Amino acid sequence: MTENLTRAVTAEAISDGPGSLITLLTDTPELTCNTASFEVGAAGAPVHFHTKATEFFHVTDGELDVLIGDEIHTLSKGDFITVPPGVKHAFAPAAGRTAEVFVGFTPGMARFDYYRLLGRVRAGEATVQDIIDSQPAYDNHYAESEAWAGRARSADA
């Protein structure tokens, strides 16, 4: 077995939206991991699901709202949750809070290129249509949720 070492000083970091930073850690066929840092008010990830991967979240600081199915869970520092394949989910920092999160997928699937695409869209070098077109390649399928939309409406109020 060959180890997969990522040093903090050389890890690739991508801004995918205002107040959001993704740091890439490992991307192997077995496991994809990154950290996500969210400032107050960051949008987080929209409602989506994966057909092949289980996604997991470990909050290392702050508070994170996570939609799973039609239920929103607020996770605090130290909390951990998994999302099985086929279950719609979304995540963002809780209202008025920041969040630091360790995120993983098993199996992995060359997801770093998806994060890089998000960064290119943020930089104006790609379009939202490119993200929509990439759904099958990265097993990232967008969905809708009235519960998550309601969360966004109450945050705006």
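Because the structure is a prediction, the values reported are computed rather than measured. The residue numbers shown here count from 1 along each chain, following its written sequence. The predicted origin of the model limits local features to residues at a pLDDT of at least 70 and limits the giving and counting of side-chain atom pairs to 80 or more, whereas totals for whole chains, interfaces and linings rest on all residues. Computation of side-chain values covers all heavy atoms of the structure but excludes hydrogens and water.

Student: Teacher, can you tell me more about the overall build of the chain here?
Tutor: Across its full length, the chain holds 4 helices and 10 strands. Its helices and strands taken in sequence order, the chain reads β-β-β-β-β-β-β-β-β-α-α-α-β-α from the N to the C terminus. Scaling as 2.2 N^0.38, a compact globule of 157 residues should have a C-alpha radius of gyration of about 15 Å, and the chain matches this with 15 Å. Considering only C-alpha atoms, the chain reaches an extent of 50 × 35 × 30 Å along its principal axes. Using a 1.4 Å probe on the protein chains alone, a residue whose accessible area is under 20% of its type maximum counts as buried, one over 50% counts as exposed, and one in between counts as partly exposed. Sorting the 157 residues of the chain into buried and exposed places 41% on the buried side. Residue pairs in contact within the chain that sit at least 24 positions apart in sequence constitute 68% of those at least 6 positions apart. Only DSSP runs of H or I covering at least 4 residues are called helices, and only runs of E covering at least 2 are called strands; the numbering of each starts at the N terminus. C-alpha atoms define the radius of gyration, and 2.2 Å times the number of residues to the power 0.38 defines the globule rule. Throughout, a contact is declared for two residues whenever any of their heavy atoms are within 4.5 Å.

Student: Could you clarify how one ought to interpret the environment of Tyr-114 in this entry?
Tutor: If you trace the backbone, Tyr-114 turns up in helix 1 (residues 112-122). Residues Tyr-114 and Gln-135, 21 residues apart in the sequence, show an inter-C-alpha distance of 9.2 Å. Not counting residues up to four positions away in its chain, the partners in contact with Tyr-114 are Ile-131, Ser-134, Tyr-138, Asn-140 and Tyr-142. Polar contacts, as used here, are pairs of N or O atoms within 3.5 Å; protein pairs need one atom able to donate a hydrogen and one able to accept it. Residues neighboring in sequence count only if both atoms are side-chain atoms. Only 2.9 Å separates the side chain of Tyr-114 from the side chain of Asn-140, close enough to count as a polar contact.

Student: Help me understand the nonpolar core in this model?
Tutor: Among soluble globular proteins, nonpolar side chains are generally buried collectively. To qualify as a nonpolar core, a set must consist of buried Ala, Val, Leu, Ile, Met, Phe, Trp, Tyr and Cys residues joined through side-chain atoms within 4.5 Å. Counting 29 residues, the largest nonpolar core has Phe-38, Phe-57, Leu-64, Phe-91, Val-101 and Tyr-115 as the members making the most contacts within it. For this core, the elements supplying multiple residues, two or more each, are strand 2 (20-27), strand 3 (32-38), strand 5 (54-68), strand 7 (80-83), strand 9 (99-106) and helix 1. With sequence-adjacent residues up to four places away left out, Phe-38 is seen in contact with Gly-19, Ser-20, Gly-44, Leu-64, Phe-91, Pro-93, Thr-98, Ala-99 and Val-101. With 5 residues, the next largest nonpolar core counts Val-47, Leu-67, Ala-90 and Ala-92 among its residues.

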